[in-house]
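Observations on chain architecture
Residue-level listing of the chains:
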Amino acid sequence: MTVTQDQVLAFAVYEIRLLLAHHLGSGDTPDPAVRAAAHLAYALHNQADAVLHGGTFDPQQAAEALSAVDRMLATNFQARLSEATGHEA
């Protein structure tokens, strides 16, 4: 079995989304970092699934999904992605 590095990382995102699924939605999660992680993984799980199955996704749409999480939870994932990749937000 040959697995790509993209598939390994996509698998991790997908599994994290499953593990944190019960922290989505209501604000009953006492740790805001756990709630943010749940929403981050949820925002990117369709992209992860596409990579796992040999497909691709639109990186701009993924960045927009991060922006939606930022608006919902007052996080800064999109800006941190831009900083990490050397691209402007």
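These notes cover the structure that comes with them. These figures come from a predicted structure and were not determined experimentally.

Section: the overall build of the protein
Looking only at helices and strands, the protein has 4 helices and 0 strands in total. Taken along its principal axes, the extent of the C-alpha atoms in the protein is 40 × 30 × 15 Å. Looking at the protein residue by residue over its 89 residues, the buried ones come to 29%. Considering only contacts in the protein between residues 6 or more positions apart, those separated by 24 or more positions represent 44%. Summed over its atoms, the accessible surface of the protein is roughly 6,100 Å², and 57% of this surface lies on carbon and sulfur atoms. For the protein, the distance from the average position of its 4 positive side-chain charges to the average position of its 10 negative side-chain charges is 7 Å.

Comments concerning helix 4 (residues 77–85)
Looking only at helix 4, the buried set comprises Phe77, Gln78 and Ser82. Here the buried residues of helix 4 occupy an arc of 140° about the axis, which is enough to place them on one side. Exposed side chains of helix 4 directed beyond 90 degrees from the buried face belong to Glu83 and Ala84. Positive backbone phi, at 75°, marks glycine 86, one or two positions downstream of helix 4.

Overview of the nonpolar core
Grouped together as the largest cluster of nonpolar side chains are 7 residues: Ala36, Ala43, Ala65, Leu66, Val69, Leu73 and Phe77. Every element with two or more residues in this core is listed here: helix 2 (32–52) and helix 3 (59–73). No other element matches helix 3, which puts 4 residues into this core.

Re the packing of helix 3 against helix 4
The interhelical angle for the contact between helix 3 and helix 4, taken along N-to-C directions, is 135°, at an axis separation of 7 Å. By the angle between their directions, the pair helix 3 and helix 4 is classed as oblique. Of the residues in helix 4, those in contact with Ala63, Leu66, Ser67, Val69 and Asp70 of helix 3 are Phe77, Gln78, Ala79 and Leu81. Residues belonging to the contact of helix 3 with helix 4 are distributed by class as follows: 6 nonpolar, 2 polar and 1 charged.

Calculation rules
- Residues numbered from 1 in each chain as written.
- Predicted model: local features only at pLDDT ≥ 70, side-chain atom pairs only at ≥ 80, totals over all residues.
- Heavy atoms only, no water.
- Helix = DSSP H or I, 4+ residues; strand = E, 2+ residues; numbered from the N terminus.
- Buried < 20%, exposed > 50% of the residue type's maximum accessible area, 1.4 Å probe, protein only.
- Contact = heavy atoms within 4.5 Å.
- Areas by Shrake-Rupley, 256 points an atom, 1.4 Å probe, with all protein chains shown as cover.
- Lys, Arg positive; Asp, Glu negative; His and termini not counted.
- Charge placed at Lys NZ, Arg CZ, Asp CG, Glu CD.
- Arc of directions from axis to C-beta.
- Core = buried A, V, L, I, M, F, W, Y, C linked by side-chain atoms within 4.5 Å.
- Axes fitted to C-alpha atoms, helices over the stretch in contact; angles between N-to-C directions.
- Parallel < 35°, antiparallel > 145°, perpendicular 65-115°, else oblique.
- Nonpolar A, V, L, I, M, F, W, Y, C, P; charged D, E, K, R; others polar.

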